[in-house]
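# Examining the three-dimensional arrangement
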Amino acid sequence: MKTKLLKRIATFALATATTFASAASLEITGNDTMRFDKAELETNAGQETTVTFKNVGSLPKAAMGHNFVVLKPGTDLAGFGNAAIAAAGNEYIPTEEPFASQVVAYTKVLGPGESETINFTITEPGKYPFICSFPGHWAIMQGVLHVK
């Protein structure tokens, strides 16, 4: 009985260590030319993912604020971007359907020199678009999070 308990504890410890070791840590920046420094990011389905986003620009937040928004595959980016304009009080994240349920994770809108770290886990493989939803930015500031 004691051996079975020790085996269970060892199995749990190994599984826990593997989970922590496999967490993805990603970094991405946005700048005053409305560009992310990366157009593609990668993680694995079921993997805890940490993204640190930093606004490396110098223009004021009111004119050139940026956020990082991960959306579900197939999201209508133009529709989402247009709906985001009306969501200034919610970090430019729509609260109305059909777009509210398309958001996987997001940062707040950041001014120059600010950064934020978010954590999330995506369980289904696919191509998840990411954008900046500050008004008008989505058309240029976008990329894909590949979930394998």
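See above for the structure.
Residues numbered from 1 in each chain as written. Predicted model: local features only at pLDDT ≥ 70, side-chain atom pairs only at ≥ 80, totals over all residues. Heavy atoms only, no water.

## A look at the overall build of the chain
Which entries qualify depends on this criterion: We count a stretch as a helix when DSSP gives it H or I for four or more residues in a row; a strand needs E for two or more, and each element gets its number in order from the N terminus. Each residue gets one of three labels from its accessible area relative to the maximum for its type: buried under 20%, exposed over 50%, partly exposed in between, using a 1.4 Å probe on protein chains only. Accessible surface is estimated by sampling points in the Shrake-Rupley manner with a 1.4 Å probe; for residues, cover comes only from the protein chains shown.
Secondary structure summary: the chain contains three helices and eight strands in total. The secondary structure elements of the chain, listed N-terminal to C-terminal, are α-β-β-β-α-β-α-β-β-β-β. When burial is assessed residue by residue, the chain has 38% of its 148 residues classed as buried. For the chain, the accessible surface area stands at approximately 8,200 Å², while carbon and sulfur atoms represent 57% of it.

## A short note on the environment of Lys 54
The condition is simple: Between two residues, a contact is recorded if the distance between any of their heavy atoms is within 4.5 Å.
Mapped onto the elements of the fold, Lys 54 is located in strand E3 (residues 48-55). What makes Lys 54 partly exposed here is its relative accessible area of 37%. When the C-alpha atoms of Lys 54 and Ser 115 are compared, they prove to be 4.1 Å apart, with 61 residues separating the residues in sequence. Excluding its chain neighbours within four sequence positions, the residues that come into contact with Lys 54 are Ile 28, Thr 29, Gly 30, Gly 113, Glu 114 and Ser 115.

## A short note on the nonpolar core
What counts here: Note on terminology: a nonpolar core comprises buried Ala, Val, Leu, Ile, Met, Phe, Trp, Tyr and Cys residues joined through side-chain atoms within 4.5 Å.
Ile 28, Phe 36, Phe 68, Val 70, Phe 120, Phe 130 and Leu 145 are the most contacted members of the largest nonpolar core, which has 23 residues in total. Breaking this core down by element, the ones donating at least two residues are strand E1 (24-30), E3, strand E6 (115-121), strand E7 (126-131) and strand E8 (142-147). Sequence-distant contacts of Phe 36, defined by excluding residues within four places in its chain, comprise Ile 28, Thr 29, Gly 30, Phe 53, Asn 67, Phe 68, Phe 130, Ile 131, Cys 132, Met 141 and Gln 142. By size, the runner-up hydrophobic cluster in this structure holds nine residues, among which are Leu 71, Leu 77, Phe 80 and Ile 93.

## Some remarks on the side chain of Thr 75
Using the following cut-off: Nitrogen and oxygen atoms within 3.5 Å of one another constitute a polar contact, given that in protein one can donate a hydrogen and the other can accept it, and given that sequence-neighbouring residues count only through two side-chain atoms.
Position of Thr 75 among the secondary structure elements: in the loop between strand E4 (69-71) and helix H3 (77-85). At 2.7 Å, the side chain of Thr 75 and the backbone oxygen of Lys 72 are in polar contact. Ignoring sequence-local partners within four residues, the contact set of Thr 75 consists of Phe 80 and Gln 102.

Purely geometric stuff here, so don't read any function into it on its own.
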